[in-house]
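Examining the three-dimensional arrangement
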Amino acid sequence: AERYNARESEPRWQRLWDEKAIFASKNDDPRPKYYVLEMFPYPSGRIHIGHVRNYTLGDVLARFMRARGYNVLHPMGWDAFGLPAENAAIERKVAPKAWTYDNIAAMKKQLRSIGLSLDWSREFATCDPSYYKHQQKMFLDMLRAGLAEREKRKLNWDPVDMTVLANEQVIDGRGWRSGAVVEQREMSQWVFKITKYSQELLEALDGLERWPDKVRLMQRNWIGRSEGLLIRFALDAATTPAGESELKIFTTRPDTLFGAKFMAISADHPLAVAAAAKNPKLAEFIADIKKIGTAQSIIDTAEKQGFDTGIKAVHPFDPSWKLPVYVANFVLMEYGTGAIFGCPAHDQRDLDFVNKYNLGNVPVVCPEGQDPKTFVITDVAYDGDGRMINSRFLDGMTIEAAKEEVAKRLESEVRGNAPVGERQVNFRLRDWGISRQRYWGCPIPVIHCPKCDVVPVPDDQLPVTLPEDVSFDKPGNALDHHPTWKHVSCPKCGAKAVRETDTMDTFVDSSWYFARFTDPWNETAPTTPAVANRMMPVDQYIGGVEHAILHLLYSRFFTRAMKATGHVDMSEPFAGMFTQGMVVHETYQKADGSWVTPAEVKIEVGGNGRRAVLMATGEDVAIGPIEKMSKSKKNTVDPDDIIASYGADVARWFMLSDSPPDRDVIWSDERVQGASRFVQRLWRLVNESAEIAKTAPAARPATFGAEALALRKAAHGALDKVSSGIERLHFNVCLAHIREFANALSEVLAKGDKPAPDLAPEVSWAVKEAATILVQLFSPMMPHLAEECWVVLGQTGLVSEADWPQIERDLLVEDSVTLVVQVNGKKRGDVTVPRAAQNADIEAAVLALDAVKAALGGKPVRKVIVVPMRIVNVVG
Ligand code: ANZ
Ligand code: ZN
């Protein structure tokens, strides 16, 4: 046969699949459903190789489940709102909408060239008004259900870009883009009440058995449940500003109370504000530390700083024990009560702090096996287990017992009508702020009326669409600058009013798209509940680990909110979750430090290893470390180039073969060429098999000889292993089995005389069966090649529509067994015999073993005991 020509074949099959719409799933399909979803892409303009991997993984599963008789839902859409469209508008003067839809068109073409079994009939972009209309409706539903609220929050405000910045966008107190000093502004914004579900979102993680443990752990940590104690410390009146008399703190370590050395409060704490009013130095300090921003990462790494307010707090167990109250930069107002007591011996931050301000430390927990008298803490806090020391009535207790004792005592102690201590569960999770001062997002459908305050846009006036005649000449929110868009009359009283000009965080858009895919045609509601309830949850969701926290948590919350407002009736959107690894590549750097792309270099392999040469000039370039593909280091490969030179099947096969899907895969041209050679090999193998198949009897032979049986066993063995491997997404293992099986088939063919095969009829029949199974086995991975091979084998219809082959289980039974061989009860080796072997044959085989002869040392055999299928013991 001629060489397989992917360039000619692939588009042809893609067109045919399309014309026949074979991947469109129908909502009234009576078969069991299977919903495969890969995280939908942001339409940046081009797909990158990571997308190819992501979608190939999902595609293998989707094609496999389809062949297994499921009604597979495998849709695709576009996560289309977001800042890059506005940046393009500013930099290139193209409208965000045009930019976005152009990108979608380009990327869709690229996605098609990969040969994915997608149901394009369900495609939408989140920037389509027909999508965000329903999102606005759900916002209003959530508002009515108390799940959306307006809240005043301190936010990072960039005065040059005129926008709120996320904590991560504040670098050294300056805006990441503008470089302007960021201000803390109290602003009203919309929040989703995700914290109403903190406990539930945490507990339900236990039931998500088909999620990676690491993702569940990340979610647990993000939700951050901690059990602790609220303690009201009395303040020493003589040192305290008028109007203040106590300081409430939250601690998870009440057991360490006798190791307390200081109190610390947040710069935003009311007590700090009151103290600063009378102390200009303190006010200056507070202004200073606020500049570094409030991101956790900044706070964790910034040097601990404090300012002694002069205020003293009274220890709850000893009225004569006074603790200094500091304003400190590592205490956050948003967590607990914004105040702590510091126990330096057992908390690293506290220890760093006291070491800086010379406040000393007293250890109160002593590790098992340590002498309390000699146990001292200098630079490293001890946060492990142990027994209480230096702690009066707590001495000798375990940490747990001491926590309980402190809680009990303080709960029952009353000061001014309230208990001094109160047990509390705290969550790190905050409500989800969704307001963004951005044009290219889903408008928040409310109107601000001077008389009626916040008025929801009536349902029948949805969607609130984005105006298209916007200008980006001024910094800030183009919606806000638009001359007419925001000016409306109040739906309630008719007075002059203004629209909300904030748009929703784009994470909202991606928090329910999976539900919309179940019925994207519904014009009147976000979902058709009967359909959504049947098609959801997503059986297998696949995406990058970078979305393991926020996107998945928001989606889990939003699904609950949709349940509460009647749009679906399940709580968990994703029954199975898989996080794929990245595609990584070597980096190449010229002597002047500039990076060059892999396409520009040639790798030479010689005696001294690998060398990279810049093709244009012949100069040497340094081979750098293997890293995530990135534009800055130029170590990217373009999927278009790969598909143009090797075909999509090769790219798919390579992505699947080289490492387990959850690990990084190193892109390597050499290995891609290997995959390309394998494609040609399969093509030849199937063509040769087809020649033999022509001579095969039509009816299944009654008996098979050893050779045919061996081939049939290899075929059904591979079928079994690949089937269960795909179910578990162990694709690289599946590919290894396919290769092995292809080898077995080649060996049989090599025995026939070419060109006229002279194989026995039952062998020809087995070859035909084997080749058919082989093609089906690789069809989920290399669907184009498989379709072409299907034709060659004379099969009718498309392999993409064929049922998965039936496994003949009796061919899987091993026909030999391995028994342990003992001499006088001691293991000396093993022996493999036919499963049907008689005891006499087994005895003979065992006594012939060199190891047995040696162990007997010439002594006569007294008895041989055979434990069927397990052990043979020779007694000498
Ligand atoms: C005393 C103590 C002693 C603490 C000790 C820890 C170790 P998680 O587990 O994250 O809930 N803390 C409380 N509120 C804080 C705030 N607003 N900003 C910064 N830190 C705060 O952490 C709870 C612990 O973090 C609390 O327990 C408190 O310090 C600190 F050996 O209290 B601990
Ligand atoms: Zn009004």
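Residues numbered from 1 in each chain as written. Chains lettered and ligands numbered in written order. Predicted model: local features only at pLDDT ≥ 70, side-chain atom pairs only at ≥ 80, totals over all residues. Heavy atoms only, no water.

On to the coordination of the zinc ion (ligand 2), then. Each protein donor to the zinc ion (ligand 2) is listed here as Cys 449 (SG), Cys 452 (SG), Cys 490 (SG) and Cys 493 (SG); together their distances run 2.1 to 2.4 Å. Counting residues between consecutive donors of the zinc ion (ligand 2) along the chain gives the motif C-x2-C-x37-C-x2-C. In this pair, Cys 449 sits in strand β21 (residues 446-449) while Cys 493 sits in the loop between β23 (487-489) and β24 (496-499), placing the two residues 44 residues apart along the sequence. A relative accessible area of 5% places Cys 449 in the buried class. (Donors = N, O, S within 2.8 Å, 3.2 Å for Na, K, Ca; no water. Helix = DSSP H or I, 4+ residues; strand = E, 2+ residues; numbered from the N terminus. Buried < 20%, exposed > 50% of the residue type's maximum accessible area, 1.4 Å probe, protein only.)

Right, let's get into the site of ligand 1. In the vicinity of ligand 1 there are 18 residues, among which Ser 226, Thr 251, Leu 332, Tyr 335 and Arg 428 approach most closely. Side-chain polar atom of Thr 251 to an oxygen atom of ligand 1: 2.7 Å apart, as the coordinates give it. Contacts to ligand 1 include Leu 332, whose backbone N or O atom sits 2.7 Å from a nitrogen atom. For ligand 1, whose free accessible area comes to 650 Å², the fraction covered by protein is 87%. Elements that contribute at least two residues to the shell around ligand 1 include exactly β9 (246-251) and β13 (339-342). (Near = heavy atom within 4 Å. Polar contact = N/O pair within 3.5 Å; in protein donor to acceptor, adjacent residues only side chain to side chain. Areas by Shrake-Rupley, 256 points an atom, 1.4 Å probe, with all protein chains shown as cover.)

Turning our attention to the nonpolar core. Core analysis: the biggest nonpolar cluster contains 176 residues, and Phe 139, Phe 192, Tyr 513, Trp 667, Ile 726, Phe 778 and Met 781 have the highest contact counts within it. Considering every element that reaches this core, the biggest residue donor is helix α23 (residues 761-778), with 11 residues. In this structure Phe 139 touches Ala 148, Trp 190, Phe 192, Ile 434, Ile 444, Pro 445, Val 446 and Met 504, once residues within four positions along its chain are discounted. Judged by nonpolar contacts, the second largest core, of 39 residues, contains Leu 282, Ala 339, Ala 402 and Val 406. (Core = buried A, V, L, I, M, F, W, Y, C linked by side-chain atoms within 4.5 Å. Contact = heavy atoms within 4.5 Å.)

Moving on, we get to helix α3 (residues 83-92). Of all the positions in α3, only Ala 85, Glu 86, Asn 87, Ala 88 and Ala 89 are classed as buried. Buried positions along α3 lie against α4 (96-112). A positive phi of about 60° marks Lys 93, the residue just after α3.

Scanning the model with the defined rule gives 53 salt bridges in all. In this structure, the salt-bridge partner of Arg 216 is Asp 213, at a minimum N-O distance of 2.9 Å. Placement of the pair is Arg 216 and Asp 213 together in helix α7 (residues 213-223), with a separation of 3 residues, close to one helical turn. With a relative accessible area of 57%, Asp 213 lands in the exposed category. (Salt bridge = Lys/Arg side-chain N within 4 Å of Asp/Glu carboxyl O.)

Structurally, Arg 739 can be placed in helix α22 (residues 731-751). Setting aside chain neighbours within four positions, we find Arg 739 in contact with Trp 653, Ser 657 and Phe 678.

Before going further, it helps to examine the sheet that holds strand β4 (residues 163-165). Strand order in this open sheet of 4 strands is β4-β3-β7-β19, and the pairing throughout is antiparallel. Single-partner strands in this sheet number two, and they are β4 and β19 (432-433). As paired elements, strand β7 (residues 183-192) and β19 share 2 bridges and run antiparallel to each other. Looking at β19, one finds that Phe 192 is bridged to Trp 432. Contacting β3 (148-158) and β7, helix α5 (residues 129-144) crosses the sheet at an angle of about 95° to β7. (Pairing = 2+ DSSP bridges. Axes fitted to C-alpha atoms, helices over the stretch in contact; angles between N-to-C directions.)

A separate point is the packing of helix α20 (residues 669-695) against α23. Viewed as axis vectors pointing N to C, α20 and α23 meet at an angle of 145°, and their least axial separation amounts to 8 Å. Handedness of the crossing formed by α20 with α23: left-handed. Where α20 approaches α23, its residues Leu 682, Leu 685, Val 686, Ser 689, Ile 692, Ala 693 and Thr 695 are matched on the opposing element by Ser 764, Val 767, Lys 768, Ala 771, Leu 774, Val 775 and Phe 778. Residues of the contact of α20 with α23, tallied by class, amount to 10 nonpolar, 3 polar and 1 charged. (Left-handed = near helix turned anticlockwise from the far one by under 90°. Nonpolar A, V, L, I, M, F, W, Y, C, P; charged D, E, K, R; others polar.)

Now for the UniProt feature "domain: Aminoacyl-tRNA synthetase class Ia" (unreviewed entry) in the protein chain. Those places that UniProt annotates as "domain: Aminoacyl-tRNA synthetase class Ia" (unreviewed entry) correspond, in this numbering, to residues 429-614 and 628-667. Split by type, residues 628-667 is 45% helix and 8% strand. Its first and last C-alpha atoms lie 10 Å apart. (UniProt positions renumbered as here; feature names shortened; annotations may be inferred.)

Look at helix α2 (residues 49-67) against helix α21 (residues 706-727): their axes get within 10 Å of each other, and the N-to-C directions meet at 120°. In terms of their interaxial angle, α2 and α21 are classed as oblique. Seen from above, α2 lies across α21 with left-handed handedness. Residue-level contacts link Val 60, Leu 61 and Phe 64 of α2 to Ser 723, Ile 726 and Glu 727 of α21. When grouped by side-chain class, the residues that make up the contact of α2 with α21 number 4 nonpolar, 1 polar and 1 charged. (Parallel < 35°, antiparallel > 145°, perpendicular 65-115°, else oblique.)

A word on the packing of aromatic side chains. Counted according to the given criterion, the structure contains 42 aromatic pairs. Ring centres of Phe 124 and Phe 517 lie 4.7 Å apart, and the angle between their planes is 35°; this geometry places the pair in the tilted category. Pair noted here: Phe 124 is in the loop between α4 and α5 and Phe 517 is in the loop between α15 (513-516) and α16 (529-535), with a separation of 393 residues, a long-range link. The exposure classification of Phe 124 matches that of Phe 517, with both residues buried. Between Phe 654 and Trp 667, the ring centres sit 4.8 Å apart and the planes meet at 70°, which makes this aromatic pair edge-to-face. You can see Phe 654 sitting in helix α19 (residues 648-657) and its partner Trp 667 sitting in the loop between β33 (665-666) and α20, a full 13 residues away along the chain. By the burial criterion, Phe 654 is buried, and Trp 667 matches it. Taken together through their ring pairs, the aromatic side chains of Phe 40, Phe 124, Tyr 131, Trp 512, Tyr 513, Phe 514, Phe 517, Tyr 541 and Phe 574 make up a single cluster. We note Arg 556 situated over the ring of Trp 211; from NZ or CZ to the ring centre the distance is 6.0 Å. (Phe/Tyr/Trp six-rings, centres within 6.5 Å; stacked < 30°, edge-to-face > 60°. Lys NZ or Arg CZ within 6 Å of the ring centre and 35° of its normal.)

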